Structure formats: structure tokens, C-alpha cells
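In case you want the letters, here they are:
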Amino acid sequence: MASQPIVCDVQATMKYVVRGEKATFHPGAREKSYWPVDEHQVTIRDVRPIAGQLAFDRNGFVLVDEPTDVTDFTDSGELARYCHETETLVRRLTGADKVVSFGPMIRTNAGGAHGHNLPAHGAHVDYGARTVADFTRDLLPPDEAERRLQRRHMLINVWRPIVRVESAPLAVCDASTVKREDLFDSEVVGGLGDFNRRSLWGFNLAHHAGHRWYWVPHMQPWEALAFKLFDSDAGAVQFTAHSAFEDPNTPPDAAPRQSIEVRTIAYLS
Ligand code: OGA
Ligand code: FE
């Protein structure tokens with residue numbers, strides 16, 4: 001007889017933003033930030049039983065088995081190769097004509113980690129139209145950038161464990177349950193590991209009882225979560241909010257989280 005998979009739903013605290021508040025976050029100097037938090041207990045469901053049915057157009061995110069042979073993400077050549085692999089993955093998942101990537105971030109909660117590289121506790125959507133257009137103009141020749149911005153494009157993050165996740169896992173909120181009126185502006189000053197970077201504009205999420213949160217218990221390095229944050233098609237499901245959270249069942253000696261995320265913009269033809 002086939003064994004039943006163990007379904008692992010958890011109750012945890014989610015850090016929402018206070019409804020109506022604009023937040024300013026300084027990842028490199030967190031004490032300067034203004035991010036008024038509104039904590040709520042939420043159910044975070046094990047996504048594995050429904051992983052096969054997920055779609056960007058329905059849920060805003062997908063979970064894929066996508067092994068990589070890159071292991072040293074701190075090596076710049078290996079990191080560039082990984083970013084390229086991630087672009088190829090997003091092209092396959094979306095059917096996009098062209099995909100660019102930016103802002104890879106390695107995060108850990110191991111002792112000694114700096115502000116930029118800590119897990120991000122707080123329900124947010126990075127980024128919106130303005131920052132997507134800024135990166136498009138940074139990364140593409142001027143004519144191509146303007147042409148691509150006229151057509152459908154999407155911002156998609158790809159998040160992967162570097163070692164199996166045993167603490168501070170990532171939760172994602174089914175984007176079909178996130179309404180535009182629950183999102184409030186967020187300005188990230190000096191983000192993505194660069195203190196001098198121009199502000200990055202996105203959103204923080206305010207609480208609504210209808211949100212459906214998911215996580216991937218014991219997520220493995222050969223698995224990747226791809227989640228859509230912005231879609232130039234305003235009618236499409238977008239705004240996949242996400243946050244690190246503390247799983248109350250985490251043993252005190254659990255291994256630290258180590259993850260990498262790469263941001264991509266997928267341009268459809
Ligand atoms: C992201 C993100 C938070 C984390 O990938 O965009 O916000 O804790 N990650 O990994
Ligand atoms: Fe994020």
C-alpha cells in the first residue's frame with residue numbers, strides 16, 4: 001500500500017503592515033526603517049499536495065523540481081552561470097521571448113549575517129511598475145527597453161534553498177487572494193546589497209482574512225519557487241506576497257537557513 005504523504009500545515013505569526021501605512025526600509029541600516037507591523041496568526045499550508053496544479057495565472061507562483069549543479073553561489077562566475085540558468089527556467093515557465101535577471105541575494109540567519117542578507121520577515125511584494133521599468137532601462141538598450149515596456153512583461157523571483165530549509169522558511173501568499181487595496185507602498189532605500197542604490201518601490205501587505213498562505217516543508221536545493229510580483233497586464237493575477245516566518249515546530253538546534261533568490265523580468269513577444 002502506498003504510504004500517505006504527511007501534510008504539514010502550521011500556525012505561525014505573519015508580520016503584515018499596518019493598513020494605510022507607507023513603509024520605508026533600509027536593509028543595510030534597519031534601525032532607520034519605518035515599517036509599522038501588524039502581527040496576525042495565520043495558517044500556512046503545505047503546498048506539496050497541490051504543487052502539480054499551481055500556475056502563475058491562477059496562484060501567482062509555481063514549485064518546480066529544477067536541480068542545478070551550481071553549489072558555490074559566492075563565486076562570481078558560478079553566480080553568473082546560475083543567473084543565466086534561472087533566465088532559461090523563467091523563459092520555459094512563461095514562454096517569454098526574452099528574460100533578464102538582476103539582484104541575486106544570498107540570505108542566511110546564521111550568526112554574523114548582515115542586514116541585507118537576513119531572511120525578510122514581513123509580507124511584501126518586491127517590486128511594482130516603476131522599479132520594473134527602471135531595471136528594464138538599466139538592462140536593455142534604449143530602443144529595446146521602450147519597445148519591451150509597451151508589451152506584456154512580468155517580474156518573477158526564483159527562490160531556492162542552498163541547503164535543505166530547516167529554519168526561517170519562506171511563505172508565499174496565493175496571489176488570487178491578494179487584492180490591490182490590501183497593498184501599501186514600500187520604499188527600499190539602499191537595497192539589494194548596495195547602500196547607494198536608488199530607491200526600490202514595491203508594496204507591503206495589510207492583513208485580510210481571505211489570504212491563503214503556503215510553504216514548502218523541508219524545501220530542498222533541487223526545488224525552486226518561482227513567484228510573480230508584477231504583471232503589466234493589470235487584469236492578470238499578480239502580487240505574490242511572501243515573507244520569511246518562524247515555524248513554531250523548529251528545533252532549537254536547527255540548521256540555519258541558506259537560500260538564494262534571483263529576480264527576473266520576462267518579456268512576452
Ligand atoms: C524574495 C524575498 C525573503 C527571504 O525572494 O523576494 O523576499 O527571507 N525573500 O528569503
Ligand atoms: Fe521579496
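Sequence order sets the numbering: in each chain, residues are counted from 1 along the sequence as written. To label them, take the chains in the order written and letter them from A, then take the ligands in the order written and number them from 1. For a predicted model such as this one, the threshold for reporting local features is a pLDDT of at least 70, and the threshold for listing and counting side-chain atom pairs is 80 or more; totals across whole chains, interfaces and linings nevertheless cover every residue. To obtain the side-chain values, all non-hydrogen atoms of the structure were included, while hydrogens and water were left out.

## Structural notes on helix H4 (residues 142-150)
Throughout, exposure labels follow a simple rule: accessible area from a 1.4 Å probe, protein chains only, divided by the maximum for the residue type, with under 20% read as buried, over 50% as exposed, and the rest as partly exposed. Each helix is a run of DSSP H or I of at least 4 residues and each strand a run of E of at least 2, with the numbering of both proceeding from the N terminus. Residues of H4 that are buried include every one of Glu144, Ala145, Arg148 and Leu149, and no others. Seen end-on, H4 carries its buried residues on one side only, within an arc spanning 130°. Across from the buried face of H4, at angles greater than 90 degrees, the exposed residues are Pro142, Asp143 and Gln150. The contact rule is simple, with two residues in contact once any of their heavy atoms fall within 4.5 Å. Here the buried face of H4 lies against strand E5 (98-108), helix H3 (129-139), strand E7 (153-161) and strand E14 (258-267). By definition, the arc is the one covered by directions from the helix axis to the C-beta atoms.

## What about the state of the cysteines?
Cysteine sulfur atoms that pair up within 2.5 Å are treated as a disulfide. All told, the structure shown has 0 disulfides when counted by the stated rule. For Cys173, which is in no disulfide, the shortest distance to another cysteine sulfur is to Cys8 and amounts to 19 Å.

## Some details on the packing of H3 against H4
All axes here are fitted lines through C-alpha atoms, helices being fitted over the stretch that makes contact, and every angle between N-to-C directions spans 0 to 180 degrees. The N-to-C vectors of H3 and H4 enclose an angle of 145°; their axes lie 8 Å apart at closest approach. For the crossing formed where H3 meets H4, the hand is right-handed. Between H3 and H4, the contacting residues are Ala133, Thr136 and Arg137 on the first element and Ala145, Glu146 and Leu149 on the second. Only Asp, Glu, Lys and Arg are considered charged, only Ala, Val, Leu, Ile, Met, Phe, Trp, Tyr, Cys and Pro nonpolar, and every remaining residue, Gly among them, polar. Partitioned by chemical class, the residues of the contact of H3 with H4 number 3 nonpolar, 1 polar and 2 charged. Two helices that cross are described as forming a left-handed crossing if the nearer one is turned anticlockwise from the farther one by less than a right angle, and a right-handed crossing if clockwise.

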